[in-house]
Structures are given as C-alpha cells and as structure tokens.
Amino acid sequence: YLLGSTASGVAGQILDGGAGLDTVYYGAPRYNWQITRNSDGTVSAGSYYNWQPDQLIGVERLLFSNGGYALDIDGVGGQVYRLYQAAFDRRPDTPGLGLWMDAMDKGASLHSVAEAFVGSAEFGRLYGSAPSDAEFVRLLYSNVLNRTPDAAGNSFWLEHLANGATRASLLVNFSESAENTTAMATIIGNGFEYTPYGG
C-alpha cells in the first residue's frame, strides 16, 4: 500500500506505483473525493476540501474507508467489469466486482470467471436454459453490443461454436472486443467503485 494525503498527512503528493498491482490507501470516505484521469494517463485524486490533489502514476486501485475504486480499466478491474456487463446485461454489483477482481488478482483467468458466469442461474434466466447456438450468438450481440448480428460476424461465431469453441470463450471475446471496450470506456473510463473482497 501507498499512503494517500489523508492517511499520510501530506497533501499534493506524487505517488508512483511502478509495476504490478498497487493500491493507494486514503482511509477517508469516497464521497469526499474527486478522481480525475488526466490526458497524460496520470490520475489526480484529492478531497473536495483540499486544493492540492495527489498525482498518481502506475496506481491500479484506491482504498477508501467505505470501499474501493478501480483505476485499472485496461487490466483486471476493467476485464471483470466488462464481463459482468456482457454476461448479465447490467451494471455490476460492487460486492460481486470485488469478489471476482480478487479471484483474478490471485491468478484466476478471465475464461474461468466467464465459465462461472455462464453456469450461473442469472445467466440461464437471461439467455435461456438451452438456447441454440444461433440464439446464443443473437443474444450476445443484443446484450453485449446492443445490435443485431451482421451476417459475416454471425457466421464467424457460429462456425467457431460448431468447431468446438465454448460459450464462455465467446462471452470473453464479445466482452473484450474492440467494439465493447470502446463503448464501455464511456462508462468506466475514469474508474469505478467496487467493494473489496472481505471488506
């Protein structure tokens, strides 16, 4: 952990996390904080009552007294958020985000999380208990990309399924597609809240 301004007592710090997964601990409530991603990729994080925000470089997570905030939209945090949205066609719940982010932080693959999602009761309610491959692909396009399948794409994914691709692998491909990643960036581009697992 790195100590942010409220935890260290020093405002306006430059905190460089370097490589790996790095968390800045603030120990103050999230609602008092303004977090802004700058054009150079750094992040400014400061209390609304403090005119000198911390400048964060290479930091993936922030920890507040009432929850966490993920900045790694191109890493584990963003992957889990996009997979939730893709699998369940809804904004993720913050405890679920924290649970699966923790699992991936500890080595679980995105595909294994997708398999768990595909096997869930909620997924079954949304996609049906036994949809045909054609119906499954149609629903992926609708729920993830919010459009009907184009002919070439539809044929491509049906062929993949016919050749042994799993539905979890298709879910990951749709979730991490350039089209979905670009669309989701408008929602999570500045980061997002989550509940740390066990917190």
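Above: the structure in question.
Presented here is an overview of the structure given in this document. Since we're looking at a predicted model, the values are computed, not measured.

### As for the overall build of the protein chain
Item 1. On a plain count of helices and strands, the protein chain comes out with nine helices and nine strands.
Item 2. Overall, the C-alpha framework of the protein chain stretches about 60 × 35 × 25 Å when taken along its three principal axes.
Item 3. Scored against the burial criterion, the 199 residues of the protein chain give a buried share of 43%.
Item 4. Restricting the contact set of the protein chain to residue pairs at least 6 apart, pairs at least 24 apart contribute 62%.
Item 5. Across the protein chain, 11 positive and 20 negative side-chain charges occur, with their mean positions spaced 6 Å apart.

### Section: the packing of helix H7 (residues 151-162) against helix H8 (residues 167-175)
Item 1. For the pair H7 and H8, interaxial distance at closest approach is 10 Å and the crossing angle is 150 degrees. Put simply, H7 runs roughly antiparallel to H8. Our pair here, H7 against H8, has a crossing hand that is right-handed. Residues Trp-157, His-160 and Leu-161 of H7 lie in contact with H8, whose contacting residues are Arg-167, Leu-170, Asn-173 and Phe-174.

### Description of the layout of surface pockets
Item 1. Roughly 220 Å³ of volume is contained in the largest pocket.
Item 2. Considering the residues around the largest pocket, the lining is formed by Tyr-1, Leu-21, Thr-23, Arg-61, Leu-63, Gly-98, Met-101, Asp-102, Asp-105, Tyr-194, Pro-196 and Tyr-197.
Item 3. Sort the elements by how many residues they give to the lining of the largest pocket and helix H3 (residues 94-105) lands first, with four residues.
Item 4. For the lining of the largest pocket, the residue count by class is seven nonpolar, two polar and three charged.

### Brief notes about the environment of Ser-120
Item 1. Position of Ser-120 among the secondary structure elements: in the loop between helix H4 (110-118) and helix H5 (121-127).
Item 2. Ser-120 sits in the partly exposed class, given a relative accessible area of 22%.
Item 3. A polar contact of 2.7 Å, which involves the side chain of Ser-120, links it to the backbone oxygen of Phe-117.

### A closer look at a nonpolar patch on the surface
Item 1. On the surface, Tyr-1, Leu-3 and Tyr-25 cluster together into a nonpolar patch covering about 370 Å² of accessible area.
Item 2. By the secondary structure assignment, Tyr-25 is in strand S3 (residues 23-25).
Item 3. Residue class for Tyr-25 comes out partly exposed when judged on its relative accessible area of 35%.

### Some words on the side chain of Thr-42
Item 1. Relative to the assigned elements, Thr-42 resides in the loop between strand S4 (33-37) and strand S5 (43-47).
Item 2. A polar contact is formed between the side chain of Thr-42 and the side chain of Asp-40, at a distance of 2.6 Å.
Item 3. Setting aside chain neighbours within four positions, we find Thr-42 in contact with Thr-36, Arg-37, Gln-55, Leu-56 and Ile-57.

Each value, and the rule that gives it
Residues numbered from 1 in each chain as written. Predicted model: local features only at pLDDT ≥ 70, side-chain atom pairs only at ≥ 80, totals over all residues. Heavy atoms only, no water. Helix = DSSP H or I, 4+ residues; strand = E, 2+ residues; numbered from the N terminus. Buried < 20%, exposed > 50% of the residue type's maximum accessible area, 1.4 Å probe, protein only. Contact = heavy atoms within 4.5 Å. Lys, Arg positive; Asp, Glu negative; His and termini not counted. Charge placed at Lys NZ, Arg CZ, Asp CG, Glu CD. Axes fitted to C-alpha atoms, helices over the stretch in contact; angles between N-to-C directions. Parallel < 35°, antiparallel > 145°, perpendicular 65-115°, else oblique. Left-handed = near helix turned anticlockwise from the far one by under 90°. 1 Å grid on protein atoms, 1.4 Å probe; cavity = no way out; pocket = protein on both sides within 12 Å on 5 of 7 lines; lining within 4 Å. Points joined across faces, edges and corners; volume = space filled by probe spheres on them. Nonpolar A, V, L, I, M, F, W, Y, C, P; charged D, E, K, R; others polar. Polar contact = N/O pair within 3.5 Å; in protein donor to acceptor, adjacent residues only side chain to side chain. Patch = residues over 30% accessible without salt bridge, like charges linked within 9 Å, V, L, I, M, F, W, Y side chains within 5 Å. Areas by Shrake-Rupley, 256 points an atom, 1.4 Å probe, with all protein chains shown as cover. Salt bridge = Lys/Arg side-chain N within 4 Å of Asp/Glu carboxyl O.

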